[in-house]
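Take a look at the letters that make up each chain.
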Amino acid sequence: MSKLRRPFFVLLKEKGFKAMTVQDISKHARIGRSTFYSHYYDKYDLLEKLVAEYTDVFRVIVDQRFSIHTPEIGSNTVKVLILALTQYREILLQLFDIHTETADLERNFKQILRETAYDYFQRVELPDKIQLPLDYLSDLYASNVMLFLLWQLRNGKNDSVIQFGDRLQEFVLNPANGLDGSL
């Protein structure tokens, strides 16, 4: 129910998730609690649906980026993700601060990045001189991209950080390009 989104995020900013109640959300949305409960089981259910929604948005963005099958896949990846996610900046920052067992946007984003990178590494043939496990490279990629995304969303767009992030991702996604064989 879209009428509950705005009150949820206003209260999230004012009170935080733990202190927020269904009564608070209903009051701010100017609906009865029974109306709230006709759409959601509780505030955790609302949170889970919002996290799922933004997880799906992120998955589409990442899938579009990785559908490009070129050796330069890492080029501009961080910049593309930052530009695509900037429109959701305030919402994402609020959701990134909530970590429950069933709703954790940061964990979901990192998992999408990890799985996508792992699939990418399985598709491309890494040279024999690269003796790194695919799960390690996938974790490295996901961790780095999340660090860049979170930093950029919290601190604002910084072209130097974006450029460095893209260069680092190019190296992680194509490690043979930066190695001299001594690894």
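Refer to the preceding data block for the structure.
Everything numeric here is computed off the predicted structure, so don't read it as measured data. (Residues numbered from 1 in each chain as written. Predicted model: local features only at pLDDT ≥ 70, side-chain atom pairs only at ≥ 80, totals over all residues. Heavy atoms only, no water.)

1. Some remarks on the overall build of the protein
Okay, so step 1: Looking only at helices and strands, one finds nine helices and zero strands in the protein.
Okay, so step 2: Mapped in sequence order, the helices and strands of the protein form the string α-α-α-α-α-α-α-α-α.
Okay, so step 3: Sorting the 183 residues of the protein into buried and exposed places 42% on the buried side.
Okay, so step 4: Within the protein, contacts between residues at least 6 apart in sequence are counted, and of these 66% link residues at least 24 apart.
Okay, so step 5: Total accessible area on the protein stands at roughly 10,200 Å², and carbon and sulfur atoms take up 49% of it. (Helix = DSSP H or I, 4+ residues; strand = E, 2+ residues; numbered from the N terminus. Buried < 20%, exposed > 50% of the residue type's maximum accessible area, 1.4 Å probe, protein only. Contact = heavy atoms within 4.5 Å. Areas by Shrake-Rupley, 256 points an atom, 1.4 Å probe, with all protein chains shown as cover.)

2. Points about the side chain of Asp24
Okay, so step 1: With respect to the helices and strands, the residue Asp24 is situated in helix H2 (residues 22-29).
Okay, so step 2: With relative accessibility at 16%, the residue Asp24 sits in the buried group.
Okay, so step 3: Filtering out sequence-adjacent residues up to four positions away, Asp24 remains in contact with Leu11, Lys15 and Ala19.

3. Quick look at the nonpolar core
Okay, so step 1: Phe8 and Phe58 are the most contacted members of the largest nonpolar core, which totals 52 residues.
Okay, so step 2: Taken together, the elements giving at least two residues each to this core come down to helix H1 (5-14), H2, helix H4 (43-66), helix H5 (77-85), helix H6 (89-96), helix H7 (105-123), helix H8 (134-155) and helix H9 (159-173). (Core = buried A, V, L, I, M, F, W, Y, C linked by side-chain atoms within 4.5 Å.)

4. A word on the packing of aromatic side chains
Okay, so step 1: By the definition in use, this model includes 10 aromatic pairs.
Okay, so step 2: Ring geometry for Phe8 and Phe9: centres 5.3 Å apart, planes at 90°, overall edge-to-face. There is no split in this pair, since Phe8 and Phe9 are both buried.
Okay, so step 3: Aromatic rings pair up to connect Phe8, Phe9, Phe17 and Tyr44 into one cluster.
Okay, so step 4: The ring of Phe17 has Lys43 sitting right over it, with the charged end atom 4.6 Å from the ring centre. (Phe/Tyr/Trp six-rings, centres within 6.5 Å; stacked < 30°, edge-to-face > 60°. Lys NZ or Arg CZ within 6 Å of the ring centre and 35° of its normal.)

5. Observations regarding the packing of H6 against H7
Okay, so step 1: It is at 7 Å that the axes of H6 and H7 come closest, and there the two elements cross at 105°. By the angle between their axes, H6 is roughly perpendicular relative to H7. Facing H6, whose interface residues are Leu92, Leu95 and Phe96, H7 presents Leu105, Glu106 and Phe109.
Okay, so step 2: Per-class residue counts for the contact of H6 with H7 are five nonpolar, no polar and one charged. (Axes fitted to C-alpha atoms, helices over the stretch in contact; angles between N-to-C directions. Parallel < 35°, antiparallel > 145°, perpendicular 65-115°, else oblique. Nonpolar A, V, L, I, M, F, W, Y, C, P; charged D, E, K, R; others polar.)

6. Let's talk about H4
Okay, so step 1: The end-to-end C-alpha separation of H4 is 34 Å, in line with the 34 Å expected for 24 residues at 1.5 Å each.
Okay, so step 2: Between the side-chain oxygen at the start of H4 and the backbone nitrogen of Tyr44 there is a gap of 3.1 Å, and the oxygen is on Asp42. (Expected span 1.5 Å × (residues − 1). Polar contact = N/O pair within 3.5 Å; in protein donor to acceptor, adjacent residues only side chain to side chain.)

7. What about unusual backbone geometry?
Excluding glycine, a negative phi dihedral is what most residues carry, and trans is how most peptide bonds are arranged.
Okay, so step 1: The residue Arg30 is not glycine, and still its phi comes out positive at about 60°.
Okay, so step 2: If you trace the backbone, Arg30 turns up in the loop between H2 and helix H3 (33-39).
Okay, so step 3: You can call Arg30 exposed: its relative accessible area is 75%.

8. Digging into the environment of Leu92
Okay, so step 1: Mapping Leu92 onto the fold places it in helix H6.
Okay, so step 2: The exposure class of Leu92 is buried, given its relative accessible area of 1%.
Okay, so step 3: Distance from Leu92 to Leu150, taken between C-alpha atoms, is 9.3 Å for residues 58 residues apart in sequence.
Okay, so step 4: Filtering out sequence-adjacent residues up to four positions away, Leu92 remains in contact with Tyr54, Leu85, Leu105, Phe109 and Leu153.

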